[in-house]
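Now for the letters of each chain:
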Amino acid sequence: MKENKAIVGFSKFTKEQKIKWLQEQLDLGESPNSIFEQFESSDKESQQIIVDLSENHLSNFHFPFAVAPNFLINGKFHVLPFVTEESSVVAALAKAAGFWAKRGGFHAEVISTIKKGQLHFTWKGKPEKLKEEFNSIAKLLRTEAMAISHKMEKRGGGIQNIELKYLPEILPNYYQLDVDFDTKDAMGANFINSILEQFGKSLISYFNKQTSWSVEERDGEIIMAILSNYVPESVVKVWVECPVSDLSVSDREANNIANKFVQAVHIAKNDVSRAVTHNKGIFNGIDALALATGNDFRAIEAGGHAFAARNGKYAGLSNAEINNGIFKFELEIALAVGVVGGVTALHPMAKMAMKILENPCAEELMQYFAVAGLASNWSAVNALTTTGIQKGHMKMHLTNILNVLNATSEQKQAAKTYFVDKEVSFSDVEQFLKDDRRN
């Protein structure tokens, strides 16, 4: 890179100017323009939608858009769309869907759909005084936010509850308004943040107008107003179950599979090192469906991991048990999803994903997310406790290795035939190609 110097006004450059500056500053090879251009959409309208999603856009970054059929959910078959670069994820999801479709399928229910936001502020009066005034304050806040909330309320949602919390252990004179929302089919981030910011204005105005209060009492200060991605009251539960004997053709093997599976899940509930990777396997499915449908996978992950630590320690999110010869595997998770607005309503592929899902409401989509998480988790834990994770993973990864090693079409086919009953490693594939090229 050339002289280490900040650049001013980069966002105002045209795309061509941005690329030219990058070429001048960095070694990007001979033709970065051709690489950037080949990944752009030829459809101008679709391309402009992508451009407008981010600042300093140069091109599009493609991930595979895939589907897995045979998801039997609450008695109905569904096809779920996924976006992921991890080659084994969709294969694992499809395998789990087919396995459980023969054993009653996935059962899912939404337990609650309440989302949360907070207004953080300081006030130097006596806490008892603010608590005494709070009913009047809450009524005022709701009234002055009506211009924002009335459409959501017409759909049956809106502000559900407002709670005042005094938390001097965090900061001197520190308070929160902890607000519950129902945003119906919207994820609701913009709605919640707009309401909270209006609450902040209304609260400060209320303080300023209390002429009987001291100067100090009339001088509250808003620290911030923001939704929380921790949604412990927006919860969905999904489970599968079958007789232990249905897990394999042999009763002895079926019992062994079930017992080891339950042990593995128990370990994830009690060992944080295992729990993190266990939950990562859950989010392999959830994130892939979130990306496909234009939902915020970062918010979903953050809230999900917080939910995993809700009892004071970080633990695996799923549970497994054997009771009277019945094997049961379940997942209960907090997440907030949307089916209207945002990227879901803008991105052409997100809209296609929603069509594949038959245009679900938010509660239905919550169930599909949880199903994807449990299915992914099932495949991972089942592989870990039977054949091992690497055998299947590396089989799926074989194509990637061959592409990295610039194998020809004939070499790829020969390699897939050769490795069909052998373990796959990068070095073994590399050696296979060397031997093939010498011949």
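In the block above lies the structure referred to throughout.
So, here is what we can say about the structure in this document. (Residues numbered from 1 in each chain as written. Predicted model: local features only at pLDDT ≥ 70, side-chain atom pairs only at ≥ 80, totals over all residues. Heavy atoms only, no water.)

Regarding the overall build of the protein chain
Part 1 of the argument: The helix and strand tally for the protein chain stands at 16 helices and 10 strands.
Part 2 of the argument: Contacts in the protein chain between residues far apart in sequence, at least 24 positions, make up 71% of those at least 6 positions apart.
Part 3 of the argument: When the accessible surface of the protein chain is split by element, carbon and sulfur atoms take 51% of a total near 23300 Å².
Part 4 of the argument: Here the protein chain contributes 47 positively and 52 negatively charged side chains, and the mean placements of these two sets differ by 1 Å. (Helix = DSSP H or I, 4+ residues; strand = E, 2+ residues; numbered from the N terminus. Contact = heavy atoms within 4.5 Å. Areas by Shrake-Rupley, 256 points an atom, 1.4 Å probe, with all protein chains shown as cover. Lys, Arg positive; Asp, Glu negative; His and termini not counted. Charge placed at Lys NZ, Arg CZ, Asp CG, Glu CD.)

Looking at the pattern of salt bridges
Part 1 of the argument: Applying the stated criterion to the full structure yields 11 salt bridges.
Part 2 of the argument: Glu86 is the partner of Lys280 in a salt bridge, and the nearest nitrogen-oxygen pair spans 3.1 Å. With Lys280 in helix α9 (residues 272–292) and Glu86 in the loop between β2 (76–83) and α4 (87–101), the pair connects residues that are 194 residues apart, well separated along the chain.
Part 3 of the argument: Classification of Glu86 as partly exposed rests on a relative accessible area of 22%. (Salt bridge = Lys/Arg side-chain N within 4 Å of Asp/Glu carboxyl O. Buried < 20%, exposed > 50% of the residue type's maximum accessible area, 1.4 Å probe, protein only.)

A few points about the nonpolar core
Part 1 of the argument: Counting residues in each nonpolar core, the largest one holds 94 residues, and the members touching the most others are Phe71, Phe82, Phe106, Phe121, Leu177, Phe199 and Phe327.
Part 2 of the argument: Ignoring sequence-local partners within four residues, the contact set of Phe327 consists of Trp100, Val240, Glu241, Cys242, Val244, Leu247, Ala258, Phe261, Val262, Glu321, Ile322 and Trp378.
Part 3 of the argument: Judged by nonpolar contacts, the second largest core, of 11 residues, contains Leu398, Leu405, Val424 and Val429. (Core = buried A, V, L, I, M, F, W, Y, C linked by side-chain atoms within 4.5 Å.)

Here we look at helix α1 (residues 15–25)
Counting along an α-helix, one turn takes 3.6 residues, and residues three or four places apart therefore face a common direction.
Part 1 of the argument: Lys18, Ile19, Trp21, Leu22 and Gln25 are the residues of α1 that are buried. What you see down the axis of α1 is that its buried residues fit within an arc of 160°, all on one side. Exposed and oriented more than 90 degrees from the buried face of α1 are Glu16 and Lys20.
Part 2 of the argument: Tucked into the core, α1 has its buried residues touching α2 (32–38). (Arc of directions from axis to C-beta.)

Side note on the sheet that holds strand β10 (residues 326–334)
Part 1 of the argument: Taken in spatial order, the 4 strands make up an open sheet running β3-β8-β10-β9, and their pairing is antiparallel. The two strands at the open ends of the sheet, each matched to only one other strand, are β3 (107–113) and β9 (318–323). Strand-to-strand, the axes of this sheet are offset by a mean angle of 15°, without reference to chain direction.
Part 2 of the argument: Bridge analysis of β3 against strand β8 (residues 234–243) gives 6 bridges, and the strand direction is antiparallel. Paired with Val110 across the two strands is Val236, which belongs to β8.
Part 3 of the argument: Across the sheet, helix α8 (residues 251–270) is in contact with β9 and β10; its angle to β9 comes to roughly 140°. (Pairing = 2+ DSSP bridges. Axes fitted to C-alpha atoms, helices over the stretch in contact; angles between N-to-C directions.)

A look at helix α5 (residues 127–144)
Part 1 of the argument: Between its first and last C-alpha atoms α5 spans 24 Å; for 18 residues at 1.5 Å apiece the expected length is 26 Å, and the two agree.
Part 2 of the argument: The axis of α5 is deflected most strongly, by about 50°, at Phe134.
Part 3 of the argument: All buried positions along α5 are accounted for by Pro127, Leu130, Phe134, Ile137, Ala138 and Leu141.
Part 4 of the argument: The inward-facing, buried residues of α5 contact β4 (115–122), β5 (158–166), β6 (174–182) and α7 (189–209). (Expected span 1.5 Å × (residues − 1). Bend = angle between axes of the 7 residues up to and from the residue.)

Focus: the sheet that holds β4
Part 1 of the argument: Sheet architecture is open: 4 strands sit in the order β5-β6-β4-β7, paired in antiparallel fashion. Among the strands making up the open sheet, the edge pair consists of β5 and β7 (221–228). Strand after strand, the sheet turns through a mean of 15° between neighbouring axes, direction not considered.
Part 2 of the argument: Sheet topology places β4 next to β7; 7 bridges connect them, and they run antiparallel. Among the inter-strand pairings, Phe121 is bridged to a residue of β7, identified as Ile222.
Part 3 of the argument: Sitting on the sheet, α5 is in contact with β4, β5 and β6, with an inclination near 165° to β5.
Part 4 of the argument: In the packing of α7 onto the sheet, the strands contacted are β4, β5, β6 and β7, and the crossing angle to β7 comes to about 160°.

So, a nonpolar patch on the surface
Part 1 of the argument: A grouping of Ile170, Leu171, Ile223, Met224 and Ile226 is seen on the molecular surface, where their side chains present a nonpolar patch of about 410 Å² in accessible area.
Part 2 of the argument: As for its position among the elements, Ile170 is in the loop between β5 and β6. (Patch = residues over 30% accessible without salt bridge, like charges linked within 9 Å, V, L, I, M, F, W, Y side chains within 5 Å.)

Looking at the environment of Trp239
Part 1 of the argument: Its location among the elements puts Trp239 in strand β8.
Part 2 of the argument: Measuring from C-alpha to C-alpha, the distance between Trp239 and Leu374 comes to 7.6 Å, with 135 residues separating the pair along the chain.
Part 3 of the argument: Sequence-distant contacts of Trp239, that is, excluding residues within four places in its chain, are made with Gly105, Phe106, His107, Ala108, Glu109, Lys328, Phe329, Glu330 and Leu374.

Observations regarding the packing of aromatic side chains
Part 1 of the argument: If you walk through the whole model with that rule in mind, you get 24 aromatic pairs.
Part 2 of the argument: With a centroid separation of 5.4 Å and 15° between ring planes, the pair formed by Phe121 and Tyr175 is classed as stacked. Remark: Tyr175 occurs in strand β6 and Phe121 occurs in strand β4; sequence separation between them is 54 residues. Across the pair, exposure class does not vary: Phe121 and Tyr175 are buried alike.
Part 3 of the argument: Aromatic side chains Phe261 and Phe327 sit 5.4 Å apart centroid to centroid with 90° between the ring planes, which places their arrangement in the edge-to-face category. Taken together, the positions of Phe261 in helix α8 and Phe327 in strand β10 put the pair 66 residues apart, joining distant regions of the chain. Judged on exposure class, the residue Phe261 and its partner Phe327 are both buried.
Part 4 of the argument: Among the aromatic side chains, those forming a connected cluster through ring pairs are Phe121, Trp123, Tyr166, Tyr175, Tyr206, Phe207 and Trp213.
Part 5 of the argument: Seen from the ring of Phe10, Lys18 lies directly overhead, with NZ or CZ sitting 5.9 Å from the centre.
Part 6 of the argument: Positioned over the ring face of Phe297 is Arg298, at 4.8 Å from the centre of the ring. (Phe/Tyr/Trp six-rings, centres within 6.5 Å; stacked < 30°, edge-to-face > 60°. Lys NZ or Arg CZ within 6 Å of the ring centre and 35° of its normal.)

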